[in-house]
Amino acid sequence: MLRFSLVEIGTGGRASCARCGLSRQAVDYLSAAEVTEHIRRAVAECPSPGPNVMLGGADAFGHPELPVLVNAATRDGAVRIGLETDGGALATSGNAAGALHAGVRHVRVSYADPPKALAGISAWAEAARTAGVAAVATAAVSLCVHNVTELAQGVAAMAEAGVAGVTLDGRSMRVTADVRAQVAAACDTGTVNGVWVEVLGPAELLPESHVLHLVRDGEAR
């Protein structure tokens, strides 16, 4: 899959597993001037094929000057522009169609809140079909003890909603035989549904039969 250079537009405010009991940090967005400078640097340094820029860190749709940032990425030469989101805003009041019209062609949706994420993915896919535009949605799952047992079902649901790929981030997981089996099953579910599943974390997260799904930290989208 294509790799994007992440340009952080802010920090905090992202959804996380409700059962883990983590408190959500207050969101803090950078100014448009700061982000624009980071975009310019990312475009200059991004490897081929590209340059590809992902605006994220905090939910992109919460930034008060998101249209300005997307225009800056286009002006500075980004070939592909992506946005990170939890999905809720993507499914609200024409945001998906608006982002497509502005030139965004990739959304990376966090699967921390499944209903919100699936609604956003579906809205993006429908907006792209309506506009006749080739656009991609991918999803990111931060593995925890609560969602690892539901991975296969989650991947199937995301595939049905319209994702092209899923990244499972297991860098914080304690690896057990059961966890390894669950991650492998999620990879198999993706393959059956035509969705590539990649796994970020130690090699022990996957059996040898599934090592093609493993990516190194520096390669993660």
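Residues numbered from 1 in each chain as written. Predicted model: local features only at pLDDT ≥ 70, side-chain atom pairs only at ≥ 80, totals over all residues. Heavy atoms only, no water.

Asker: I'd love a proper account of the pattern of salt bridges, names of residues and values included.
Answerer: Summed over all chains, the structure comprises 9 salt bridges. The closest approach of N and O atoms between arginine 75 and aspartate 76, which form a salt bridge, is 3.6 Å. The partner of glutamate 126 in a salt bridge is arginine 129, with the nearest N and O atoms 2.9 Å apart. Linking glutamate 126 with arginine 129, this pair stays in helix α4 (residues 114-131), spanning 3 residues, or about one helical turn. Judged by its relative accessible area of 41%, glutamate 126 is partly exposed. (Salt bridge = Lys/Arg side-chain N within 4 Å of Asp/Glu carboxyl O. Helix = DSSP H or I, 4+ residues; strand = E, 2+ residues; numbered from the N terminus. Buried < 20%, exposed > 50% of the residue type's maximum accessible area, 1.4 Å probe, protein only.)

Asker: Can you lay out the pairing of strand β9 (residues 196-200) for me, pointing to particular residues and giving the numbers?
Answerer: With 4 of 5 residues buried, β9 lies mostly within the body of the structure. As defined by bridge partners, strand β8 (residues 165-169) adjoins β9 across 5 bridges and the pair is classed as parallel. Across the sheet, residue leucine 168 finds its bridge partner in β9, namely valine 199. For the crossover that starts at β8, traverses helix α6 (residues 177-192) and ends in the parallel β9, the hand is right-handed. (Pairing = 2+ DSSP bridges. Right-handed = clockwise from strand over helix to strand, strands pointing away.)

Asker: Can you explain the packing of helix α3 (residues 95-102) against α4? Please cite residues and give values.
Answerer: Closest axis-to-axis distance for the α3/α4 pair is 8 Å, and the angle between their directions is 55°. With respect to each other, α3 and α4 are oriented oblique. As for how α3 packs across α4, the hand of that crossing is right-handed. Of α4, the residues touching α3 (which contributes Ala96, Ala97, Ala99 and Leu100) are Ala123, Trp124, Ala127 and Ala128. Grouping the constituent residues of the contact of α3 with α4 by class yields 8 nonpolar, no polar and no charged. (Axes fitted to C-alpha atoms, helices over the stretch in contact; angles between N-to-C directions. Parallel < 35°, antiparallel > 145°, perpendicular 65-115°, else oblique. Left-handed = near helix turned anticlockwise from the far one by under 90°. Contact = heavy atoms within 4.5 Å. Nonpolar A, V, L, I, M, F, W, Y, C, P; charged D, E, K, R; others polar.)

Asker: A description of unusual backbone geometry should follow, citing residues and the corresponding values.
Answerer: Peptide bonds are, in most cases, trans, and in most cases residues other than glycine have a negative phi. The omega angle of the peptide bond from glycine 50 to proline 51 is 5°, so this bond is cis rather than trans. When you line up the elements, proline 51 lands in the loop between α1 (32-45) and β4 (52-56). Phi at serine 93 takes a positive value of approximately 40°, unusual for a residue other than glycine. Inspection of the secondary structure assignment puts serine 93 in the loop between β5 (80-85) and α3.

Asker: Can you break down the sheet that holds strand β1 (residues 5-8) residue by residue, with the values?
Answerer: The strand order across the open sheet built from 8 strands is β1-β4-β5-β6-β7-β8-β9-β10, with neighbouring strands paired in parallel fashion. One side of each edge strand has no neighbouring strand; the edge strands of this open sheet are β1 and β10 (214-215). As defined by bridge partners, β5 adjoins strand β6 (residues 106-110) across 4 bridges and the pair is classed as parallel. Within β6, the residue paired with glutamate 84 across the bridge is arginine 108.

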